[in-house]
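Chain and residue survey
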Amino acid sequence: MERLTTVTTAVRAPLTTERRRHLAAVTFIVIGLINICVFGALAHAGDASFELSLASASVKIPVIRVPAAPVCYALGVVAVGLGVLRATVPFSRLAKRLAIAGVLVCFLLSLLCWADAGAIPLNVIIISQGTFTESIPLILGALAGCLCERSGVINIAIEGQLLFGAFTAAIVASAFGGLWVGLVAGSLAGGLVGVLLAVFAISFLTDQIVLGVVLNVLVLGMTDYLYDRLMSQNPNYNTGITFGSIKIPGLSQIPIIGPIFFDSTVFLYITYAAIIVIQVALFYSRWGLRVRAVGEHPTAADTVGISVLWIRYRNVILGGLVAGIGGAYLTIGSVGSFIPDISSGFGYIALAALIFGRWTPLGALGAALLFGFCEEMALVLPTVNPVLPAPIMNMAPYVATIIAVAGLVGKVRPPKADGQPYVKA
């Protein structure tokens, strides 16, 4: 019995810095061995080819061809080397993040080389464009979660905010024939879900995790019902209109980066602005200092005159407005028309990106782009190499989340008061 108690205590004990470092090192080495023993050893004979320009580009860049198997071997050795260094040399915080990024890049490049060996060239521009567009709802959803959780309110309802924003944007844009009206309506719809979340979580002290799940189910059922009663019977309410691509003069003509960053819909440019504004506001303004104080120690913030409840209300509603824009992208920014459950788990992946990104806008951006890349690869790779089915790539974001939560990429700590209701004494 005493032995069982000892084992249970050891299992429940948090990872020490030393154990976390060794687990991270083992993870790096395993990824490197996958690059060598799977991607390198099983790569088809021949080169992997990558196109760096579009067919319509005025400046053509030659196709890059690399020997697939040797490149996979080399990248695997680099990942293993980083794992050995991680195990033997103390890393600074910056060095840890660079090492993680380096291992991920090695893995992704090996995957591309293995998939494309001896096949048709992969167009890097098209893949990058798809990655950014697939990431838009994830980024905006993660930013919404960041605004909420930095103030101390857990936002599981991102899925519902995206879904309700998508539905409202589609029906309003179709009914009134105005895409911008639909965009605003979608944002307000996400904000409305944020109001419900704020009222019940902050004023009525409802369990925030359960509340978020209930709101997601509520929105799912309501949008399914309204789709059957309104959209299915009145096609004019779901016409499928979308925003067109906007090329920024001059910048869109820059080789490689121009088509990726400066030739897209207005949603990508809104996402740029949201990332910059929220990052600067949270970490370089007095408002952000107050928000972070409320999320870390609301009692201390209250004693110096900061209105804890008001800041939480404001941030939760702002987060809903941001997520609503991400939802609007799913319809009037992408496919145009609404279908039931169009968000398809994007809200939960956005929450995973927030955790993976350590509750910071820039960190969430990097994680969302990684997940968006996986989504894009699930569409592209099966057409190039049928050996790798799409469901495997769809699993990647969740596997990365497990790795992050397990602490293999470093200690992940939410705001100290995240999820804790505040009652003024």
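Preceding this section is the structure that the text describes.
Residues numbered from 1 in each chain as written. Predicted model: local features only at pLDDT ≥ 70, side-chain atom pairs only at ≥ 80, totals over all residues. Heavy atoms only, no water.

What about the overall build of the protein chain?
Here is the rule: Helix and strand assignments come from DSSP, with helices taken as H or I runs of at least 4 residues and strands as E runs of at least 2, each series counted from the N terminus. To get the radius of gyration, use the C-alpha atoms; to get the globule rule, take the number of residues to the power 0.38 and multiply by 2.2 Å. The buried label applies to any residue whose accessible area, calculated with a 1.4 Å probe on protein chains only, is under 20% of its type's maximum; exposed applies above 50%, and partly exposed to all values in between. Note on contacts: a residue pair qualifies if any of its non-hydrogen atoms lie within 4.5 Å across the two residues.
Each helix and strand in the protein chain was counted, giving 16 helices and 5 strands. Relative to the 2.2 N^0.38 estimate, which gives 22 Å for 425 residues, the radius of gyration of the protein chain is 23 Å and therefore close to what a compact globule would have. In terms of its C-alpha atoms, the protein chain occupies a principal-axis envelope of roughly 70 × 65 × 45 Å. Considering the protein chain as a whole, with its 425 residues, one finds that 49% of them fall into the buried category. Taking contacts inside the protein chain between residues at least 6 apart in sequence as the whole, the part at least 24 apart equals 76%.

Things to note about the pattern of salt bridges
Our working rule: Salt-bridge detection follows one rule: a side-chain nitrogen of Lys or Arg within 4 Å of a carboxyl oxygen of Asp or Glu.
A complete count under the given rule lists 2 salt bridges for this structure. Close ionic contact of E296 with R413 constitutes a salt bridge, the shortest N to O distance being 3.5 Å. Taken as a pair, E296 in helix 11 (residues 286–296) and R413 in the segment after helix 16 (390–405) lie far apart in primary sequence, 117 residues in all. Residue D302 is joined to K424 by a salt bridge in which the shortest nitrogen-to-oxygen separation is 4.0 Å. Here D302 is found in helix 12 (residues 298–303), whereas its partner K424 is found in the segment after helix 16, with 122 residues between them in sequence. Among the residues examined, K424 registers a relative accessible area of 60% and is labelled exposed.

Some words on the nonpolar core
The cut-off we apply is this: Throughout, nonpolar core names a set of buried Ala, Val, Leu, Ile, Met, Phe, Trp, Tyr and Cys residues whose side chains join them through atoms within 4.5 Å.
In this structure, L143, F267, I332 and F338 are the most contacted members of the largest nonpolar core, which totals 101 residues. One finds F28, I31, F91 and A99 within the second-largest nonpolar core, a separate group that totals 6 residues.

Structural notes on the side chain of S49
Within the element layout of this structure, S49 appears in strand 1 (residues 47–51). On the basis of relative accessibility, which here comes to 3%, the residue S49 falls in the buried class. Those residues in contact with S49, other than ones at most four positions away along the chain, are V63, I64, R65, D116, P121 and L122.

Remarks on the side chain of N315
Along the chain, N315 turns up in helix 13 (residues 308–335). N315 sits in the buried class, given a relative accessible area of 0%.

A word on the pairing of strand 1
Every regular strand shows the same layout, with side chains that alternate between the two sheet faces. Selection criterion: Pairing between strands is defined by DSSP: at least two bridges between them are needed.
With 4 bridges joining them, strand 1 and strand 2 (residues 64–67) adopt antiparallel strand pairing. Its bridge partner being in strand 2, A48 is matched across the sheet by V66. Alignment of strand 1 against strand 3 (residues 122–123), held across 2 bridges, turns out to be parallel. Within strand 3, the position partnered with E51 by the bridge is N123.

Some thoughts on the packing of aromatic side chains
When we look at a pair of aromatic rings, we describe it by the centre distance and by the angle of the planes. Filter applied, for reference: Aromatic rings from Phe, Tyr and Trp, with only the six-membered ring used for Trp, were paired whenever their centres fell within 6.5 Å, and each pair was classed as stacked if the ring planes differed by under 30 degrees, edge-to-face if by over 60, and tilted otherwise.
Per the stated rule, a full pass over the model turns up 12 aromatic pairs. Ring geometry for F200 versus F204: centroids 5.7 Å apart, planes at 35°, classification tilted. Taking the relative accessible area as the measure of exposure, F204 reaches 57% and is therefore exposed. One aromatic cluster is present, built from ring pairs that chain together W180, F243, F267 and Y329.

Points about the sheet that holds strand 1
Taken in spatial order, the 3 strands of this open sheet run 2-1-3, and their pairing is mixed. Looking at which strands have only one partner, the edges of the open sheet turn out to be strand 2 and strand 3.

Structural notes on the packing of helix 5 (residues 124–149) against helix 15 (residues 361–384)
Operational definition: Helix axes are fitted to C-alpha atoms over the stretch in contact, other axes to C-alpha atoms as well, and angles between N-to-C directions run from 0 to 180 degrees. In this scheme, roughly parallel covers angles under 35 degrees and roughly antiparallel covers those over 145, while 65 to 115 is roughly perpendicular and the rest are oblique. The sense of a crossing depends on the near helix, which, turned anticlockwise from the far helix by less than a right angle, makes the crossing left-handed and, turned clockwise, makes it right-handed.
The N-to-C vectors of helix 5 and helix 15 enclose an angle of 135°; their axes lie 7 Å apart at closest approach. The pairing of helix 5 with helix 15 is recorded here as oblique in orientation. Between helix 5 and helix 15 lies a crossing of right-handed hand. Of helix 15, the residues touching helix 5 (which contributes I126, I127, G130, T131, F132, E134, S135, L138, I139, A142, L143 and C146) are P361, A364, L365, A368, L369, F371, G372, F373, E375, E376, M377 and L379.

Here's the deal with a nonpolar patch on the surface
Applicable threshold: The residues that make up patches have over 30% relative accessible area and no salt bridge, and they are joined within 9 Å when like-charged or within 5 Å when they are Val, Leu, Ile, Met, Phe, Trp or Tyr. Surface accessibility in these figures is a Shrake-Rupley result with a 1.4 Å probe; residues are shielded only by whichever protein chains are displayed.
Together, V26, V30, I34, V38 and L42 make up an exposed nonpolar region whose accessible area comes to about 390 Å². Looking at the secondary structure, you find I34 in helix 2 (residues 17–40).

Brief notes about the environment of K247
Positionally, K247 belongs in strand 4 (residues 246–247). K247 sits 17 residues away from S264 along the chain, and the two C-alpha atoms are 6.7 Å apart. Setting aside its immediate chain neighbours within four residues, K247 contacts S252, F262 and D263.

Some thoughts on helix 3 (residues 68–88)
Our working rule: In this analysis, the expected span of each helix is defined as 1.5 Å times one less than the number of residues it contains. In this description, the arc belongs to the directions extending from the helix axis to the C-beta atoms.
The first and last C-alpha atoms of helix 3 sit 31 Å apart over 21 residues, in line with the 30 Å expected at 1.5 Å per residue. Along helix 3, the residues that are buried comprise A68, A69, C72, L75, G76, A79, G83 and R86. When helix 3 is viewed along its axis, its buried side chains cluster within an angular range of 130° and face the same direction. Of the residues in helix 3, the exposed ones pointing more than 90 degrees away from the buried face are V77 and T88. Next to the buried residues of helix 3 lie helix 2, strand 1, strand 2 and helix 4 (93–116).

Some points on helix 15
Operational definition: Bend is computed residue by residue as the angle between axes fitted to the seven residues ending at the residue and the seven residues starting at it.
For helix 15, which comprises 24 residues, the first-to-last C-alpha distance of 34 Å matches the rise-based estimate of 34 Å (1.5 Å per residue) to within 8%. Where helix 15 bends most, at M377, the angle is about 35°.

Details of unusual backbone geometry
Positive phi, normally seen in glycine, also occurs at R358, with a value near 60°. The backbone of W359 sits at a positive phi, close to 60°, despite the residue not being glycine. The residue W359 is located in the loop between helix 14 (346–356) and helix 15 in this model. Given the relative accessible area of 6%, W359 is considered buried.

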